[in-house]
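Results of the structural survey
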Amino acid sequence: MTENKLMQVSASPHGRSSASTSRIMGDVVIALLPAAIFGVVYFGFHAFLVLLASCVSALLAEYAFERGMKKKLTLSDGSALVTGLLLGLNMPPEIPLWIPILGSFFAIIVVKQLYGGLGQNFMNPALAARCFLLISFAGQMNSFSVDGVATATPLALIREGERVDLLKLFLGTCGGVIGETSALALLLGAAYLLFRGVISPRIPLSYICSFLLFEMLFAGRGADWQYLLGQLLGGGLMLGAWFMATDYVTSPITKNGQMLYGILLGILTGIFRIFGSSPEGVSYAIIIGNLLVPFIERITMPAAFGTGRRQYVKKASKG
Amino acid sequence: MGACRERLYNGVVKENPTFVLMLGMCPTLAVTSSAFNGFGMGMTTMVVLALSNLVISAVRGIIPDRVRIPAFIVIVASLVTIVQLLLQAYIPVLNDLLGIYIPLIVVNCIILGRAEAYASKNPPLPSMFDGVGMGLGFTLGLTLIGMFRELLGSGGIFGLQIIPERFHISIFVMAPGAFFVLAGLTAMLNRLKNRSNGGAGSGGQGTVCGHCGGCGNLLCSVSREEPDHLSGASDAGKGGSV
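Heads up: these notes are all about the structure in this document. (Residues numbered from 1 in each chain as written. Chains lettered and ligands numbered in written order. Predicted model: local features only at pLDDT ≥ 70, side-chain atom pairs only at ≥ 80, totals over all residues. Heavy atoms only, no water.)

Turning our eyes to something else, we now look at the nonpolar core. Counting 83 residues, the largest nonpolar core has A:Phe243 and A:Ile286 as the members making the most contacts within it. If you tally residues by element for this core, the top one is helix α1 (residues 21-43) of chain A, at nine residues. Apart from the residues lying within four places of it in its own chain, the contact partners of A:Ile286 are A:Leu127, A:Tyr207, A:Gly240, A:Met244, A:Ala245, A:Tyr261 and A:Leu265. Judged by nonpolar contacts, the second largest core, of 25 residues, contains B:Val48, B:Ile56, B:Val80 and B:Leu142. (Core = buried A, V, L, I, M, F, W, Y, C linked by side-chain atoms within 4.5 Å. Buried < 20%, exposed > 50% of the residue type's maximum accessible area, 1.4 Å probe, protein only. Helix = DSSP H or I, 4+ residues; strand = E, 2+ residues; numbered from the N terminus. Contact = heavy atoms within 4.5 Å.)

What follows covers the pattern of salt bridges. Residue and element names in this part refer to chain A. Counted by the stated rule, this structure contains 10 salt bridges over all chains. Asp 27 is the partner of Arg 196 in a salt bridge, and the nearest nitrogen-oxygen pair spans 3.1 Å. With Arg 196 in the loop between α9 (183-195) and α10 (202-218) and Asp 27 in helix α1, this pair connects stretches of sequence that are 169 residues apart. Across the salt bridge formed by Arg 273 and Glu 280, the nearest N and O atoms sit 2.9 Å from each other. Taken as a pair, Arg 273 and Glu 280 share a single burial class, namely buried. (Salt bridge = Lys/Arg side-chain N within 4 Å of Asp/Glu carboxyl O.)

Residues and elements named next belong to chain A. Examined against the element boundaries, Gln 113 turns out to sit in the loop between α4 (98-112) and α5 (125-136). Of note is the side chain of Gln 113, whose polar atom sits 3.1 Å from the side chain of Glu 62. If sequence neighbours within four positions are ignored, Gln 113 has contacts with Glu 62, Phe 65, Glu 66, Lys 71 and Ile 108. (Polar contact = N/O pair within 3.5 Å; in protein donor to acceptor, adjacent residues only side chain to side chain.)

The next point concerns helix α12 (residues 237-244) of chain A. Burial analysis of α12(A) places eight of its eight residues in the buried class, which makes it a mostly covered element. Of all the positions in α12(A), only A:Leu237, A:Met238, A:Leu239, A:Gly240, A:Ala241, A:Trp242, A:Phe243 and A:Met244 are classed as buried.

Residue and element names in this part refer to chain A. A full pass over the atoms with the stated rule returns one cavity of 30 Å³ or more. Here the largest cavity is characterised by a volume of approximately 70 Å³. As for the largest cavity, its lining consists of Asn 90, Leu 127, Arg 130, Glu 180, Gly 236, Leu 239, Gly 240, Met 244, Glu 280, Val 282 and Ser 283. Listing elements by their share of the lining of the largest cavity, those giving two or more residues are α5, α12 and α14 (282-300). It is α12 that provides the largest number of residues to the lining of the largest cavity, a total of three residues. (1 Å grid on protein atoms, 1.4 Å probe; cavity = no way out; pocket = protein on both sides within 12 Å on 5 of 7 lines; lining within 4 Å. Points joined across faces, edges and corners; volume = space filled by probe spheres on them.)

Before going further, it helps to examine the environment of B:Asn95. Residues and elements named next belong to chain B. Secondary-structure assignment places Asn 95 in helix α5 (residues 92-98). Residue Asn 95 is classed as buried on the basis of its relative accessible area of 12%. Residues within four places of Asn 95 in sequence aside, it is in contact with Gln 84, Leu 87, Gln 88 and Ile 102.

The next subject is a nonpolar patch on the surface. All names here are of chain A. Taken together, Leu 114, Tyr 115, Phe 122, Tyr 284, Ile 288, Leu 291, Leu 292 and Phe 295 make up a surface patch of nonpolar side chains, about 720 Å² in accessible area. Inspection of the secondary structure puts Leu 292 in helix α14. What makes Leu 292 partly exposed here is its relative accessible area of 33%. (Patch = residues over 30% accessible without salt bridge, like charges linked within 9 Å, V, L, I, M, F, W, Y side chains within 5 Å. Areas by Shrake-Rupley, 256 points an atom, 1.4 Å probe, with all protein chains shown as cover.)

Structural data, given as structure tokens:
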């Protein structure tokens, strides 16, 4: 006797990854925590208030816009929280609280939601907001202090030709924005992201290597390790390379494209730091890189299997 | 007189050159860093526009069709020169503020556009009112943009300070601010217009994707039987017998 077998055939995909937007964003938040905690401990309670203000206002902006436009609420995917946290980490520790709040609203509403929400924005919202604030409030955005004493950032000191203590830069006991000073904390977070498979090392490594090479060739200091490590650890490069440049939405999806993008960012950062008027250049480099992502994807799109030589994709690919 | 009033309404509201036709973007973005600059630029353009429409309409029968563009340019350039000399003589402040953008009125798309689209085909009086209407619409647009940029970027309206300097968002008096304000105002006006047109095109599309999870069960749950059972007739439920 045979039994009636009930066989089911379902449409693909059959294998599913457990990755979801909220899981990835949760991982990014966890990875940013060491830097955030270090920033709060080192810079004091006001830094905590700045982080809190930027996160809460980012969530509020997302909620208000989506309610107002009668769109689906996407607060639970955590992307607004990541934007707010990244923006807060990019603020000087003694900034008046209304500036990060304004920045969060700009990031969420103008840069992200007006272009269609998560996945549609062509620029990293947190960085675009940082540049918006940097242009608007140059004075307040460039006054750094530790324990109420105004200090210059390591990059500014290096530019003046002074020597900086590399161990201090690595640990983060120096001036700068809340989240960028401690390379150690940032690397811990980056290691967590790599371990969880959230980011690949392609963009950060090609970024950092090409930046170092560019500095070696054009800064006029040759292979002066003291200078190169100062440039590497002293500014926003670690935060930018590991956490900002690797943003899924605003970085290329092709592997070769990611390498190219990293190299481009390294060169741009080098140009801004060496020849620009400000000692820092990571934010501008990354948002200019973001703008070029559609072109990078277009020239690095691999051929589908069996179609022969690679052909340039006719239509603009997704940004 | 009805046609003239209609022209004014058309220029200010229906075909507003700044927010609807999107013409003359160069002065719109460049000189509107304050409300007064925007207003001055708008009024200057309006004078040129009204006079050029009047003159072009008056001589429209004489100008041969094939050389009409150069002829229009000559007329407009002469008028702009006159206006610039008058400004230099009587309102030197405005002349200094607007600078190169006064001679550039010659190549303003609105002026050539109205000459080509309206004045070269219609009698002088409505043409002049068309120019005045367009000019008023342009002035309104520029003044509005200038007001918002001045308020946000340097904390005042028409030079009157109302926001302390600490809170000035200075990006708004720079080039990016012009784009932000223009885009924001255009979006707001479109929204108002859509609403007054009975809500056509407004609101979310509500494109909710259907629940895709169910398709596996719907399409594919086909129970199969052994081939020899297929021959066994109607009482298939029991699974046949040998």
